[in-house]
Amino acid sequence: MKNLLLYIVLLSSMFVFSQNEQLAQNYFDRGEFDKAIVIYEGLLKTQPNNYLYFQKQIACYQQLKDYPKAEELIKFRIDKFRQTSLYVELGYNYQLQKDTDKANKNYQKALDVIKENPNNVYGIASAFEQKVLLEQALKAYELGVAGNPNLNFDYQIALLQGQLGNLELMIEKLLDYSYRNQPNLALVQNQLARFMMEDTQETFNGNLRKALLIRTQKTQDIFWNQFLSWFFVQQKEYGKAFIQEKAIFKRNPENLFNIISLARLAVQEGENDTAKEILDFILLNTQDMELQMEAHYQLVSMDIDKATVKDYPVIQEKLSGLLKQYGVSPYSLHLQILKAHFDAFNLKQFEAAKTTLTKSLELPLNNYQKAEVKMELADVLLLDEKFNQAIIYYAQIEDDLKNDEIGHEASFKMAKASYFKGDFDWAQQQFKVLKASSSQLIANDALELFLLISDHTVQDSTQVALKKFAKADFLLYQNKTNEALSGFQSLLSEQKGKSIEDETLLKIGQILEQKKDYTGALKTYQEIIEKHAEGVYVDEALFFSAEIYRKYLLDVEKAKALYEKVIFSHQDSIYYVDARNNYRKLRGDNNL
């Protein structure tokens, strides 16, 4: 019982102590420094060695411009604890009073301590960095290395050089550090990627490219080929990345997985020629059946994307031949799903697709593989207007993989099936939850549909326009492009000037673009830009228009002008990064 009472007393004391610490921080954050000081002084009486509380106490006095009191406390602590890093704090206290001579004398005292013992560099350099005294921090690290050559601060020095604007020197230091500390390569690449993203003039990217190329040419170490490949992937220059990967493969022909990953990226970005070149290379250089099937899967997928009806028999024969060659097993699952998708969405052979997928579910599959098959089966059932059956399969995936991205995707598709079906109330509840999805794509799509339903339910309680929009949208899902276009055009003529107009125009523009009517698509997108300048679809209209000029009409100047509008006026757009990258390429920055 005695121990229990002691435990309760200790627990209560810790709780009160934690509350006081939080209260002090709250006062500090609100700028009520006089109140914060009182609490921090009380906390320091209980824990006199707590350096964090001491720092907060000094910061409060400095904010209140009571520099003499701050100086007194700092000097007292230097004498009592022999904490030499506090010379930095003392110097900074003089600097706040614009007493440069005394500030510099104390900064020099701190640096002299490193000369006496190089191990003191850690605390002193860190203290300089905390005060954003970059030149002094740099000097501290240099003195540490001079005193003990076994110390290595290349990474810290590199970042300081970057903060000082010496970007070329930062690049050299980071690259040297990454080579000597290869387990920390990801850390270096993350820092470089941040600077690459912020580089509006492409100077940094050009310098990094040059530095990597020089290292690749000077040495035969594949480390630099791998680094250069990473750089080209960041720039979305997949063909150049492939050149590096081929060089790596010649010296290490055991591993093709980086190359297959590169092929997937090229496919995702629509770089089909590069993707095909990479995939053909894989097929020529591997006996691994799994890699072969992956390569075939990607190649046939690209064929399907660009196919017309007259190409369908050849693709159908190719898919059947591949399944015959590799057999129906868990290893060929992606080919089975692709065949079912092609049968349903292209050939409209729903029963054949369902049979393929039902047989796939009989195979010994793990939960993720089962989810993939069920997702495709639900998509096929939805296509065949079997709404309730589709929803059942989506719900099964959601239950089996609740906290996984594929579970969130199933939730989204289930909500969208209800939207297609006209059950807007239930769909809206689901979209409301999915707006917070960890998947940016799902969150954006869910938000778009949530706003569509809520906006047009408030303005039209009978939901007439919304029902027509959802019906035309479902026809688009079914690949009934002409019927969908007619549905949206009819809705547009009925709802001219009303709130649903911009969403409808966007759909019409996308369909016209799909039908290669680029003039019509541009005209439609321009209508959004002019009539709905404050709407949520302007960035899409600008980006899609720029893409048409870049990819199909080959009008570089018009494409650049439109990308610029996305870059400077729509920085929160999901198309911002792509717009900036494409703009840079058109500007010629990729030749730096």
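Provided above is the structure to which this section pertains.
Here we summarise the structure given alongside this text. (Residues numbered from 1 in each chain as written. Predicted model: local features only at pLDDT ≥ 70, side-chain atom pairs only at ≥ 80, totals over all residues. Heavy atoms only, no water.)

Turning our eyes to something else, we now look at unusual backbone geometry. Positive phi values are uncommon outside glycine, yet Lys98 reaches one of about 65°. Considering the arrangement of structural elements, one finds Lys98 in the loop between helix 5 (86-96) and helix 6 (100-116). On the basis of relative accessibility, which here comes to 72%, the residue Lys98 falls in the exposed class. Located in the positive-phi region is Val132, a residue other than glycine, with phi close to 55°. Within the element layout of this structure, Val132 appears in the loop between helix 7 (121-130) and helix 8 (134-147). Judged by its relative accessible area of 57%, Val132 falls in the exposed class. (Helix = DSSP H or I, 4+ residues; strand = E, 2+ residues; numbered from the N terminus. Buried < 20%, exposed > 50% of the residue type's maximum accessible area, 1.4 Å probe, protein only.)

Taken as a whole, this structure holds two cavities of 30 Å³ or more when the rule is applied. A volume near 40 Å³ is recorded for the second largest cavity. As for the second largest cavity, its lining consists of Tyr51, Gln55, Ser85, Val88, Glu89, Ala127, Gln130 and Lys131. Elements that contribute at least two residues to the lining of the second largest cavity include exactly helix 3 (51-63), helix 5 and helix 7. Within the lining of the second largest cavity, the residues separate by chemical class into three nonpolar, three polar and two charged. (1 Å grid on protein atoms, 1.4 Å probe; cavity = no way out; pocket = protein on both sides within 12 Å on 5 of 7 lines; lining within 4 Å. Points joined across faces, edges and corners; volume = space filled by probe spheres on them. Nonpolar A, V, L, I, M, F, W, Y, C, P; charged D, E, K, R; others polar.)

On to the pattern of salt bridges. Taken as a whole, this structure holds 32 salt bridges when the rule is applied. Taking the shortest distance from any N to any O, the salt bridge between Lys496 and Glu527 comes out at 3.2 Å. Taken together, the residues span a long stretch of sequence, with Lys496 in the loop between helix 27 (481-494) and helix 28 (501-514) and Glu527 in helix 29 (residues 518-531) at a distance of 31 residues. Close ionic contact of Arg550 with Glu547 constitutes a salt bridge, the shortest N to O distance being 3.2 Å. One end of the pair, Arg550, and the other, Glu547, are both in helix 30 (residues 538-551), three residues apart, so they sit about a helical turn from each other. One continuous salt-bridge network, built from bridges that share partners, spans Glu351, Lys354, Asp384 and Lys386. (Salt bridge = Lys/Arg side-chain N within 4 Å of Asp/Glu carboxyl O.)

Turning to helix 7, its buried residues number three or more, namely Val121, Ile124, Ala125, Ala127 and Phe128. One side of helix 7 holds all its buried residues, which, seen down the axis, span an arc of 155°. Where helix 7 is buried, its residues contact helix 5, helix 6 and helix 8. One or two positions beyond helix 7, positive phi appears at Val132, with a value near 55°. (Arc of directions from axis to C-beta. Contact = heavy atoms within 4.5 Å.)

Closest axis-to-axis distance for the helix 13 (residues 222-234)/helix 14 (residues 238-251) pair is 8 Å, and the angle between their directions is 160°. Relative to helix 14, the element helix 13 lies roughly antiparallel. As for the relative orientation of helix 13 and helix 14, their crossing is left-handed in sense. In this structure, helix 13 contributes Ile222, Asn225, Gln226, Leu228, Ser229, Phe232 and Val233 to the contact, and helix 14 contributes Tyr238, Lys240, Ala241, Gln244, Glu245, Ala247, Ile248 and Arg251. (Axes fitted to C-alpha atoms, helices over the stretch in contact; angles between N-to-C directions. Parallel < 35°, antiparallel > 145°, perpendicular 65-115°, else oblique. Left-handed = near helix turned anticlockwise from the far one by under 90°.)

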